[in-house]
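Geometric and topological summary
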Amino acid sequence: MTRNNEQFRVENLYLSFSTKRGIVQAVENVSFSLPRGKTMVLVGESGCGKTSLGRAILRLLPRNVKEYRGNVFLNGQDLMQLSNEKFRREVRWKKAAMVPQAAMNSLNPVIKVSEQVIEPLLRRETKREKAGAMKRAEEVFKLVGVPLDFLERYPFELSGGMRQRVILAMALITNPDIVVLDEPTSALDLLTQANIMNVLKRIKQEEGYTFILITHDIATSSELADLAGIMYAGQLVEFSEAYDLFREPLHPYSQKLMASVPSLKEEKKLEYLPGQPPSLLEPPRTCRFAERCPERFERCDEEPPMVEVKEGHQVKCWLYK
Amino acid sequence: MENKELLEVENLQTYFTLRKWGFLRVGEVKAVDGVDFELKKGEAVSIVGESGCGKSTLAKTILGLVEPTGGQVNFNGKTLDISDKKHLDWYRSKVGYIQQDPYGALPPFMTVRRILEEPMVINGIKDEKEREKRIHRALEDLKMTPVNEFINKFPHMLSGGQQQRIVIARSKILDPGLIVADEPVSMLDPSVRVEILELLKKLQDDYEMAVVYITHDLSTVRYFSERIFVMYGGKLIEKGPVEKILREAKHPYTKALLEAISDPDPENVKTFKKVPPGEPPSLANPPSGCRFHPRCPDFMEGKCEVEVPPEFILEDDQRVSCWLYEGED
């Protein structure tokens, strides 16, 4: 990956929460970098910290944060140096936007769609500003494939798929440099899901947006993935070009995960993982996956480093050291 | 073949009345509208459809939780009559139910033992040793071993996959002839999903139970059942053997569904999917004729929107409700 084309980079990001039962290490030492116009998918099972990572990027954090450190670079600027107020005013929703999970159900039912969509663009609510914002709203509505007369409707008049597109329009309206999509299609029906994936794919190709797609649905994520990262128990265990990761996963966890995905076209024997991921309350000092790993050996009692197997393909596993 | 039917569903209709101000009837939601199928002993079928197509209502009607508006459900040759309390009790002891959300389906204040014991207490298995034996066997069948480690736990102490196993154990504890599983794995992580499906499959084989597997996920169907029914707008529009449907789906809607499912293939990035426009129909006001006609790529004017297509029987017992196949049966 060339440096000058780089849009977004995360370095050694840590995020933990303090709870009554102790400290939950949700994100631990995550680093990756994403070139302009590419999409990275972040795959993992529930509770692996993928949503926390997404929210950490946008600094949408709950109150009980214990530790939040690392570096997040967007266009070369270190976002972690900014104060909360400055981050809110300059970055969030302007340069970095997010489509949160199940957001389509959080539209305000008594406010017209257009009013909600243009909100990120408004500062002083002057008439002229509003007119400009409406124009931009029309543009993004066209982009995501919502008929323009829907602007004047209320959210309850729209179907689930249309509402999801409206949410997407809301995230794109400020023309952000990076958009985090958290499970954008998981609450939708199959055909609607395929439709939304088509929209995202088209936007990506035509407008060159940079996306981070967080999902547990590996099959669907392959529709959009240029790069892929696999998360397990708060850590990024493998990160590479999507092509490599889907065809030849290296980490034992990624291999098992890929083998558990059913395929329509070919008949393959499905595998599953016995056991459960470790609790993030006091995660083991060993390799996090060691307990369930079929390839375990002595070294696994120590936490493995991120190993660069070849350019752009990193694995957190002793097998490749 | 005809004499071994375990479950026969004949022209089943379940309508819900829409009311205004609590008493004015303003219409009906035809959630299940003329469903026919039969199921042999020990057979597994999948009913596939999108949300709002009526598949959960169909499940509830088969379970006797909702009264059908028309048609009937025959189980072991007897017609289900939910107004007859005695008959209903017998029926419910013979038909198990696996709910979608395991956490919502398990009472949080009961231990695993109580949860599994309850159906037996209700159905008059008085011998405590027998009950204990069955609980142990059920837990062992579901690979919840060592049993003593789980038996005194409360649902919140278990993971999602373990909770779902308890739900399955409960549904089979009375050795029912039929289990209706309504999206049993859609709330679980993919790596757990496969294991649960395999366990369910094994139970089906070992105990010769028939299973109605209701899902929206066509890709798991192959690993589970022998036949698929595809549901759209309250009707079963295509029925047939799994391999046949996955390879040569006939109905345009089934084809669209298959097209919409992604395989985990990095090549997908390069292509767009052909997806029919629009949304599934409202069941309160469904389209005339074939319910798929407003979205259908093969729409034939003057035919599809006028008459409801009957079921055409093709090779290998593949049945499809679509005018395209008129005269081919």
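So, here's what we can say about the structure. (Residues numbered from 1 in each chain as written. Chains lettered and ligands numbered in written order. Predicted model: local features only at pLDDT ≥ 70, side-chain atom pairs only at ≥ 80, totals over all residues. Heavy atoms only, no water.)

Moving on to a nonpolar patch on the surface. Residues Leu18(B), Trp21(B), Phe23(B), Leu24(B) and Val26(B) make up a contiguous nonpolar surface patch of roughly 560 Å² in combined accessible area. Of note, Leu24(B) is situated in strand E2 (residues 24-40). (Patch = residues over 30% accessible without salt bridge, like charges linked within 9 Å, V, L, I, M, F, W, Y side chains within 5 Å. Areas by Shrake-Rupley, 256 points an atom, 1.4 Å probe, with all protein chains shown as cover. Salt bridge = Lys/Arg side-chain N within 4 Å of Asp/Glu carboxyl O. Helix = DSSP H or I, 4+ residues; strand = E, 2+ residues; numbered from the N terminus.)

Here we come to the packing of helix H4 (residues 112-122) of chain B against helix H7 (residues 160-172) of chain B. All names here are of chain B. The contact between H4 and H7 brings their axes to 8 Å, and the two run at 25 degrees. Here H4 lies roughly parallel to H7, going by the angle between them. In this structure, H4 crosses over H7, and the sense of that crossing is right-handed. Contact residues: H4 offers Val112, Ile115, Leu116 and Pro119, while H7 offers Ile166, Ala169 and Arg170. Of the residues in the contact of H4 with H7, the class split is 6 nonpolar, no polar and 1 charged. (Axes fitted to C-alpha atoms, helices over the stretch in contact; angles between N-to-C directions. Parallel < 35°, antiparallel > 145°, perpendicular 65-115°, else oblique. Left-handed = near helix turned anticlockwise from the far one by under 90°. Contact = heavy atoms within 4.5 Å. Nonpolar A, V, L, I, M, F, W, Y, C, P; charged D, E, K, R; others polar.)

Residue and element names in this part refer to chain A. The buried count for strand E2 (residues 22-35) comes to 10 of 14 residues, which makes it a mostly enclosed element. Inspection of the sheet shows strand E1 (residues 6-19) paired to E2 by 10 bridges, in the antiparallel sense. When the bridges of E2 are listed, Leu15 appears paired with Val27. (Buried < 20%, exposed > 50% of the residue type's maximum accessible area, 1.4 Å probe, protein only. Pairing = 2+ DSSP bridges.)

Residue and element names in this part refer to chain B. For the structure on display, the rule yields 0 disulfides over all chains. The thiol sulfur of Cys304 is not disulfide-bonded, and the nearest other cysteine sulfur, from Cys290, lies at 6.0 Å. A relative accessible area of 8% places Cys304 in the buried class. (Disulfide = S-S within 2.5 Å.)

All names here are of chain B. The 8 strands lie next to each other as E6-E7-E8-E3-E9-E10-E12-E11, forming an open sheet whose pairing is mixed. At either margin of the open sheet sits one strand with a lone partner, and together these are strand E6 (95-98) and strand E11 (312-313). Relative to strand E7 (residues 178-182), E6 runs parallel, the two being bridged by 4 bridges. When the sheet's bridge partners are listed, Tyr97 is paired in E7 with Val180. Strand contacts of H7: E6 and E7, with the helix running at about 170 degrees to E6, the strand carrying the most contacts.

Just distances and angles here, no functional claims.
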